[in-house]
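# Observations on the three-dimensional arrangement
The residues making up each chain are set out below.
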Amino acid sequence: MRHAAWLVPIALACLPAADAPPRGYVCHRATGPIAIDGAIDEPAWAGVPWSDPFVDIEGDLKPRPRHETRVKMLWDDEHYYIAAKLDEPDLRGSITRHDAVIFRDNDFEVFIDPDGDNHEYVELELNALNTTWDLSLKVPYRDGGKADDSYEIAGLRTAVRLSGTINRPDDRDEGWSVEIAIPWKSLAPVAHRPCPPRDGDQWRVNFSRVQWRHRVEAGAYETVPGTKEDNWVWSPQGVVDMHRPERWGYVQFTKGEVGRVALAADPTRDARDRLVRVYEAQKAFKAGQGRWAATLAELDIRSPRGCPIDLKILPGGTYEASMVPTVGVGQSRPVSIGPDSRIEVGPVRSVPHFRQMIDP
Ligand SMILES: *[C@@H]1O[C@H](CO)[C@@H](O)[C@H](O)[C@H]1NC(C)=O
Ligand SMILES: CC(=O)N[C@H]1CO[C@H](CO)[C@@H](O)[C@@H]1O
């Protein structure tokens, strides 16, 4: 029996998968100048909401972070501004060489994938000494990507303001704050979309804070040997891996006033979630069977009602999984993924006929 609802001649989104949505933030225009000095005290920041507090990278599976972290963002024609406030009773830092592996210290990290395709993204890490590491990746590590440390965010400005004393274990500190200005010009070559963004554009972004367990030896902080770092993040990844851009948050750039603009739901999100599952299942299947699965059944994945996932083995032995995330008459954009996890969103196309329902 077909449900009558499927005959309503309007576009219906497919039943979403159960994944928790990534975080979102509406990024407003700066209403005045921002001095990059680490103090988040300009009038332009005042009315701007803080993000949700950071959570463990694995999400609800893990306890809440010991110290709070939040970010704010703004933009203008020249820059993307990021401010962060990190509560921290024990300010410490040791790395002073630019482009060193900063997360060996406690740090703050920014990840930006402008076009949300999982490829070509930019990362910035800095510690409480304001030492930076900027890098870019063409492809995530999981797909064989390598960090390009020679990448420099041209014109980047960063500053750190300490509330307390650094590397002094005999007192209790309050924390550190960070201000960052990233020129749009520096991102334009990797953005593959308008940069600065247009009113309403959404970019995929995440923030992370690495925090090590420490002890005090001979009056100095040191990391407790054999301990792993904590990763506290804005948009939880579900696993200890920041390099899964599909789990990063949505930053929506707006020219509207604070409080008047709602975060728009990404109409491709459900398709993205489902296709990433196909990609992950294919990876596991290939590791076990030495070949890509040719059908969803082999992967034990079902299409959602009304929105078939199309899985094809391509000449050359790779695969493509794709989906048009709309049923009924309407406008939609086909979304696809392949073995390198790159997500492609095709041009808007109308969906003139009722799709045949796929009853699993
Ligand atoms: C931080 O580092 C940047 C770039 O190296 C420098 O221009 C800035 O003055 C530093 N300032 C503070 C306050 O951290
Ligand atoms: C937890 C995690 O994925 N951390 C990564 C942060 O980014 C650096 C640089 O790309 C990686 O080396 C870390 O593994």
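Everything below is about the structure shown above.
Residues numbered from 1 in each chain as written. Chains lettered and ligands numbered in written order. Predicted model: local features only at pLDDT ≥ 70, side-chain atom pairs only at ≥ 80, totals over all residues. Heavy atoms only, no water.

### So, helix 2 (residues 184-191)
- Considered for burial, the residues of helix 2 that qualify are Trp 184, Ser 186, Leu 187, Val 190 and Ala 191. Take helix 2 and look down its axis: the buried residues cluster within an arc of 150°, on one side only. In this structure, helix 2 carries Lys 185 and Pro 189 as exposed residues pointing more than 90 degrees from its buried face.
- Backbone geometry just downstream of helix 2 places His 192 in the positive-phi region, at approximately 55°. (Buried < 20%, exposed > 50% of the residue type's maximum accessible area, 1.4 Å probe, protein only. Helix = DSSP H or I, 4+ residues; strand = E, 2+ residues; numbered from the N terminus. Arc of directions from axis to C-beta.)

### Notes on the side chain of Asp 266
- With respect to the helices and strands, the residue Asp 266 is situated in the loop between strand 16 (249-253) and helix 3 (269-289).
- Taking relative accessible area as the criterion, Asp 266 reaches 17% and is therefore assigned buried.
- Apart from residues no more than four positions distant in its own chain, Asp 266 is found in contact with Gln 202, Tyr 250 and Arg 272. (Contact = heavy atoms within 4.5 Å.)

### Remarks on the nonpolar core
- One finds Tyr 80, Phe 108, Ile 180 and Phe 207 to be the most contacted residues of the largest nonpolar core, which totals 49 residues.
- Counting residues per element, this core draws most heavily on strand 5 (residues 79-87), at six residues.
- Ranked by size, the runner-up nonpolar core spans 21 residues in total, among them Leu 299, Ile 301, Met 323 and Ile 337. (Core = buried A, V, L, I, M, F, W, Y, C linked by side-chain atoms within 4.5 Å.)

### Some remarks on the environment of Gly 164
- Relative to the helices and strands, Gly 164 is located in the loop between strand 10 (157-163) and strand 11 (175-183).
- For the pair formed by Gly 164 and Asn 130, sequence separation is 34 residues and the distance between their alpha carbons is 15 Å.
- Excluding residues within four positions of it along the chain, Gly 164 makes contact with Leu 91 and Asp 173.

### Description of the packing of aromatic side chains
- In total, this model carries 13 aromatic pairs according to the counting rule given.
- Relative to Phe 253, the ring of Trp 75 lies with its centre 5.6 Å away and its plane at 70°, an arrangement referred to as edge-to-face. With Trp 75 in strand 4 (residues 69-75) and Phe 253 in strand 16, this residue pair connects regions lying 178 residues apart in the sequence. The same class applies to Trp 75 as to Phe 253, namely buried.
- A ring pair is formed by Tyr 80 and Phe 253, whose centres lie 5.3 Å apart and whose planes are at 80°; its orientation type is edge-to-face. Taken together, the residues span a long stretch of sequence, with Tyr 80 in strand 5 and Phe 253 in strand 16 at a distance of 173 residues.
- Assessed through its relative accessible area of 0%, Phe 253 is described here as buried.
- Pairwise contacts between aromatic rings join Trp 75, Tyr 80, Trp 184, Trp 203 and Phe 253 into one cluster.
- A cation over an aromatic ring shows up here: Arg 29 above the ring of Trp 75, its NZ or CZ 4.7 Å from the ring centre.
- Directly above the aromatic system of Tyr 250 lies the positively charged group of Arg 204, at a separation of 3.9 Å from the ring centroid. (Phe/Tyr/Trp six-rings, centres within 6.5 Å; stacked < 30°, edge-to-face > 60°. Lys NZ or Arg CZ within 6 Å of the ring centre and 35° of its normal.)

### A word on helix 3
- Between its first and last C-alpha, helix 3 extends 30 Å over 21 residues, near the 30 Å set by a 1.5 Å rise per residue.
- Positive backbone phi, approximately 75°, marks Gly 290, located one or two places after helix 3. (Expected span 1.5 Å × (residues − 1).)

### Here's the deal with the site of ligand 2
- Around ligand 2 lies a shell formed by Phe 103, Glu 109, Phe 111, Glu 123, Glu 125, Trp 133, Leu 135, Tyr 141, Asn 231, Asp 241, Met 242 and His 243.
- Between Met 242 and ligand 2, the recorded distance is 2.7 Å, taken from a backbone N or O atom to an oxygen atom.
- The separation between an oxygen atom of ligand 2 and a polar side-chain atom of His 243 is 3.0 Å.
- Here ligand 2 has 360 Å² of accessible area as a free molecule, and 82% of this is covered by the chains.
- Among the elements of the structure, strand 6 (107-113), strand 7 (121-127) and strand 8 (132-137) are those that each provide at least two residues to the shell around ligand 2.
- Partitioning the shell around ligand 2 into residue classes produces six nonpolar, two polar and four charged. (Near = heavy atom within 4 Å. Polar contact = N/O pair within 3.5 Å; in protein donor to acceptor, adjacent residues only side chain to side chain. Areas by Shrake-Rupley, 256 points an atom, 1.4 Å probe, with all protein chains shown as cover. Nonpolar A, V, L, I, M, F, W, Y, C, P; charged D, E, K, R; others polar.)

### Things to note about the pattern of salt bridges
- Counted according to the given criterion, the structure contains 27 salt bridges.
- Here Arg 209 ties to Glu 88 by a salt bridge, and the two come within 3.3 Å at their closest N and O atoms. Taken together, the residues span a long stretch of sequence, with Arg 209 in strand 12 (residues 202-211) and Glu 88 in the loop between strand 5 and strand 6 at a distance of 121 residues.
- The class of Glu 88 is buried, set by a relative accessible area of 3%.
- The salt bridge partner of Glu 344 is Arg 342, with a shortest N-O separation of 2.6 Å.
- Given a relative accessible area of 43%, Glu 344 falls into the partly exposed group.
- Given a relative accessible area of 31%, Arg 342 falls into the partly exposed group.
- If you follow the salt bridges from partner to partner, you end up with Arg 142, Asp 143, Glu 246 and Lys 283 in one network. (Salt bridge = Lys/Arg side-chain N within 4 Å of Asp/Glu carboxyl O.)

### Quick look at the pairing of strand 17 (residues 309-313)
- Bridge count between strand 17 and strand 18 (residues 319-323): five bridges; the pairing is antiparallel. Among the inter-strand pairings, Ile 309 is bridged to a residue of strand 18, identified as Met 323.
- Here strand 17 folds back onto strand 18, and the loop between the two strands holds five residues, one of which, Gly 316, carries a positive phi near 100°. (Pairing = 2+ DSSP bridges.)

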